[in-house]
Amino acid sequence: MPVVSSTTLKTYFETGDRPSQANFEDLIDTSLQSTTVFGRSGGPIVAVTADYTTSQIADTATKVMMTALERTTLAGLSAAVLSPSGGDDTTTVQAALTALGTSGGTLTFSPGTYVLSAALTVTTAKAITITADTTFGAVILLWSNSSGGLSITYTTSKLAPTVSNLFFRTSYAGGGTGLTITAPVAASFTTIGALVENVCISGDSTPSEYWLKCLHLENCWYPVVRRFSAKGHDATVTFLCLTGIEHKNCQVLLLHDFTIIHCGTAILQSGSTGGEGFIIRHGEIVGADYGMIMTSVSDLSGTAIHDMHINTNYRGIQITNRSCIAIHDCLFYKTQFSTLAYQAVELVACRLMKVHNNTISGTGASGGIIGVTISGATSTYNVIRDNTFSNMEAATAYAILVTTSADHNYIYNNIAVDNTTQCVLVGGAATATRLANNEPLPTVPVFGNGDTTPSVGNAHFERFDATNTGATTITAFDDGIEGQHLIILFNNGNTTLQHNAGLILRGAVNVTPAAGKVMTFERSASLWLELSRTF
């Protein structure tokens, strides 16, 4: 049937008309054959016979136009495939990234090594994926300059990028940052963040070649990093690669199934975070000075670190000014090369933390080791339980140390073996910390000679010995807490207990027990109540 004009078509469908079959055939054939696409001004334009180009997509009066459907479809399906040239690929790859940032979609690298001599950048407001078209390990992006790497900035918070199945390598000693992803500063509650998956960042041939930093995430909400590997300078005690992963001002880093080797700090959190902090699990950190440094500008929660192997020189995990983080089911080792004063878990000004079911071990190296340290005046209401400590290096080592400024912490069911005479040491001023069932215990505590109000705070167990060398009258027990039980063994007859408003004795009379006698008390409503005596 003939192709007819729009004016003729309209006459077929005027009010009261009954269009014939031929009329409908004209309508169909005209639609199929038409080269008219309505653009900005509504007039006809030239049909495009070749593939659309970037310039043809532009919405201007001088460019070929597309319908809204065509434009949306092309943006959603935009894709480019690159192949290595055998020479310097920097210009080609950068041009592809620039186009990707404009159109969105996927940039795919064919197998091979891409030689690069400058940093690559892409800024986009659209969802992009940068990946390989084959299995992990077949595509290598190899930089040779001092400030190489790929930097991605996305400006639409809900359209985060994906980077997958790529090796980022440098042949330079301190070659910049391997991969940087920067998000908008504004918070976003989208449930899908940037994804880094099946990515390895390392030097091309260690030890002489390494990145200064491997992966840097900034302002990202809910970034996911999984099946990730980073390797720094191949050394034993001084690591020239500064960080494996740095997440700055990020909300809920989801990191799992990863390895980080030979970095100054394997995982560094800096700046602020949102309320949930991070979840780090199922990974291995080997040969770092610090396994993790987590520092917040304000008291913010973290969430969890678990099922990890952390082998470091100086600190396993150092957390400052955070709360509500569970650290559990991890294996901590001090490296055999370290002669530093090692701490597996250091909590500074932290609250409501739980450290439990971990194994912490030294290797017999010098320098000292402490398994868990709690310090800072605001370090309160932390729970340290069910941990095992071994090879603590020296008879003076402690599995758990609570400094004098920390208080109201709960430490129980921990066991230390190998060269440890005391599992827990609590500073003298931290009188409200509760201890129970920790092994080995120290010697039985003794009341200070001549002390009329001896402290019973931080008792490893309930018993105290009274061994005053001269006549001493005790009028109160300091630093007790509600519900505490107290057992006193009198080693001689020099100690008298005085009945008063705060120390309630049987019969309301003073008592001077003989050597070998025992009395028990309970603290209730700020009073010490006598429960029993053996005489």
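Residues numbered from 1 in each chain as written. Predicted model: local features only at pLDDT ≥ 70, side-chain atom pairs only at ≥ 80, totals over all residues. Heavy atoms only, no water.

Novice: Would you take a moment to explain the overall build of the protein chain for this structure?
Specialist: When helices and strands are counted, the protein chain shows 5 helices and 35 strands. Across the 535 residues that make up the protein chain, the buried fraction comes to 47%. Counting only contacts in the protein chain whose residues sit at least 6 apart along the sequence, the fraction spanning at least 24 positions is 69%. For the protein chain, the exposed area adds up to about 22800 Å²; of that, 56% sits on carbon and sulfur atoms. (Helix = DSSP H or I, 4+ residues; strand = E, 2+ residues; numbered from the N terminus. Buried < 20%, exposed > 50% of the residue type's maximum accessible area, 1.4 Å probe, protein only. Contact = heavy atoms within 4.5 Å. Areas by Shrake-Rupley, 256 points an atom, 1.4 Å probe, with all protein chains shown as cover.)

Novice: Whenever I open this one, the pattern of salt bridges confuses me. Can you help?
Specialist: Pairs can form between side chains of opposite charge whenever their charged atoms are close. All chains considered together, the criterion is met by 7 salt bridges. With a closest N to O distance of 2.7 Å, arginine 533 and glutamate 530 form a salt bridge. Note on glutamate 530: relative accessible area 14%, which makes it buried. (Salt bridge = Lys/Arg side-chain N within 4 Å of Asp/Glu carboxyl O.)

Novice: How should I be thinking about a nonpolar patch on the surface in this particular structure?
Specialist: A cluster of nonpolar side chains, Leu352, Tyr381, Tyr410 and Tyr412, forms an exposed patch at the surface whose accessible area comes to about 340 Å². Position of tyrosine 410 among the secondary structure elements: in strand β25 (residues 410–412). (Patch = residues over 30% accessible without salt bridge, like charges linked within 9 Å, V, L, I, M, F, W, Y side chains within 5 Å.)

Novice: What should I look at first to understand the packing of aromatic side chains in this one?
Specialist: One pass over the full model with this rule turns up 9 aromatic pairs. With a centroid separation of 5.7 Å and an interplanar angle of 70°, the aromatic rings of tryptophan 143 and tryptophan 211 are classed as edge-to-face. Highlighted residues: tryptophan 143 in strand β6 (residues 139–143) and tryptophan 211 in the loop between β10 (195–203) and β11 (213–218), separated in sequence by 68 residues. For tryptophan 211, a relative accessible area of 0% corresponds to the buried category. Among the aromatic residues, ring-to-ring pairing joins Phe447, Phe464, Phe477, Phe521 and Trp528 into one connected group. For arginine 315, the ring lying beneath its charged end belongs to tyrosine 314, and the centroid distance is 4.0 Å. (Phe/Tyr/Trp six-rings, centres within 6.5 Å; stacked < 30°, edge-to-face > 60°. Lys NZ or Arg CZ within 6 Å of the ring centre and 35° of its normal.)

Novice: Teacher, can you tell me more about the pairing of strand β15 (residues 265–270) here?
Specialist: Both faces of the sheet carry side chains from a regular strand, because those side chains alternate between them. Within β15, 5 of the 6 residues are buried, which leaves the element mostly enclosed by the surrounding structure. Where strand β13 (residues 243–248) and β15 come together, 5 bridges link them in parallel fashion. In the strand pairing of β15, glutamate 246 is matched with leucine 268. (Pairing = 2+ DSSP bridges.)

Novice: It is not clear to me how the sheet that holds strand β35 (residues 527–533) should be interpreted in this structure. Could you clarify?
Specialist: In any sheet, the strands associate via hydrogen bonds between backbone groups, in a parallel or an antiparallel arrangement. Read across the sheet, 5 strands follow the order β29-β31-β34-β35-β33 without closing on themselves; strand pairing throughout is mixed. Looking at strand neighbours, the two that pair on one side only are β29 (463–466) and β33 (503–504), the edges of this open sheet. Bridge count between strand β31 (residues 485–490) and strand β34 (residues 518–524): 5 bridges; the pairing is antiparallel. Across the sheet, isoleucine 487 pairs through a bridge with threonine 520, a residue of β34.

Novice: Explain the environment of glycine 450 here, please?
Specialist: Along the chain, the position of glycine 450 falls in the loop between β28 (434–436) and β29. By relative accessible area, glycine 450 is classed as partly exposed at 40%. As a C-alpha pair, glycine 450 and threonine 473 span 23 residues in sequence and 8.2 Å in three-dimensional space. When residues no more than four places from it in sequence are discounted, the contact partners of glycine 450 are Asn468 and Thr472.

Novice: Help me out: how do you make sense of the side chain of histidine 328 in this one?
Specialist: Here histidine 328 shows up in strand β16 (residues 278–328). A relative accessible area of 17% means that histidine 328 is categorised as buried. Here aspartate 329 takes part through its side chain, which lies 2.7 Å from a polar atom of the side chain of histidine 328. With sequence-adjacent residues up to four places away left out, histidine 328 is seen in contact with Ile305, His306, Asp307, His356, Asn357 and Asn358. (Polar contact = N/O pair within 3.5 Å; in protein donor to acceptor, adjacent residues only side chain to side chain.)

Novice: Could you clarify how one ought to interpret the environment of isoleucine 384 in this entry?
Specialist: Structurally, isoleucine 384 is set in strand β22 (residues 383–385). Along the sequence, isoleucine 384 and asparagine 414 sit 30 residues apart, while their C-alpha atoms lie 7.9 Å from each other. Isoleucine 384 has contacts with Leu347, Val355, Val372, Ile374, Ile400, Tyr410, Ile411, Tyr412 and Asn414, leaving out every residue within four places of it along the chain.

Novice: What am I meant to see in unusual backbone geometry here?
Specialist: With an omega of -5°, the peptide bond between glutamate 439 and proline 440 qualifies as cis. The phi dihedral of alanine 349 is positive, around 55°, even though this residue is not glycine. Note on placement: alanine 349 falls in the loop between β18 (342–348) and β19 (354–356).

Novice: What's the story with the side chain of histidine 306 in this structure? I'm lost.
Specialist: Within the secondary structure layout, histidine 306 lies in strand β16. Polar contacts involving the side chain of histidine 306 include one to the side chain of aspartate 307, which spans 2.5 Å. When near neighbours in sequence (up to four residues on either side) are disregarded, histidine 306 contacts Ile280, Arg281, His282, His328, Asp329 and Cys330.

Novice: When you look at the confidence of the model for the protein chain in this model, what are you seeing that I'm missing?
Specialist: Should the pLDDT be low somewhere, the predicted coordinates at that spot are not to be read in detail. On average, residues of the protein chain score 84 in pLDDT, and 81% of them are at 70 or above. Looking over the protein chain, one finds the lowest element-wise mean pLDDT in helix α4 (residues 68–77), namely 41, and the highest in β19, namely 98. Of the regions scoring below 50 in pLDDT, residues 34–77 engages in 41 contacts with residues more than four places distant in sequence or in other chains. (pLDDT = per-residue confidence, 0-100.)

Novice: Honestly, the environment of threonine 373 in this entry has me stumped. Any pointers?
Specialist: You can see threonine 373 is positioned in strand β21 (residues 369–375). Look at threonine 373 and you get buried, because its relative accessible area is 5%. Separated by 26 residues in sequence, threonine 373 and leucine 347 place their C-alpha atoms 6.1 Å apart. Setting aside residues no more than four positions away along its own chain, threonine 373 makes contact with Gln343, Val345, Glu346, Leu347 and Leu401. There is a polar contact of 2.9 Å between the side chain of threonine 373 and the side chain of glutamine 343.

Novice: I tried to follow helix α5 (residues 90–103) on my own but got confused; where do I start?
Specialist: Structural remark: α-helix, 3.6 residues per turn; residues separated by three or four positions point the same way. The terminal C-alpha atoms of α5 lie 20 Å apart, and with 14 residues this matches the ideal 20 Å at 1.5 Å per residue to within 8%. Positive phi appears at glycine 104, one or two residues downstream of α5, with a value of about 75°. (Expected span 1.5 Å × (residues − 1).)

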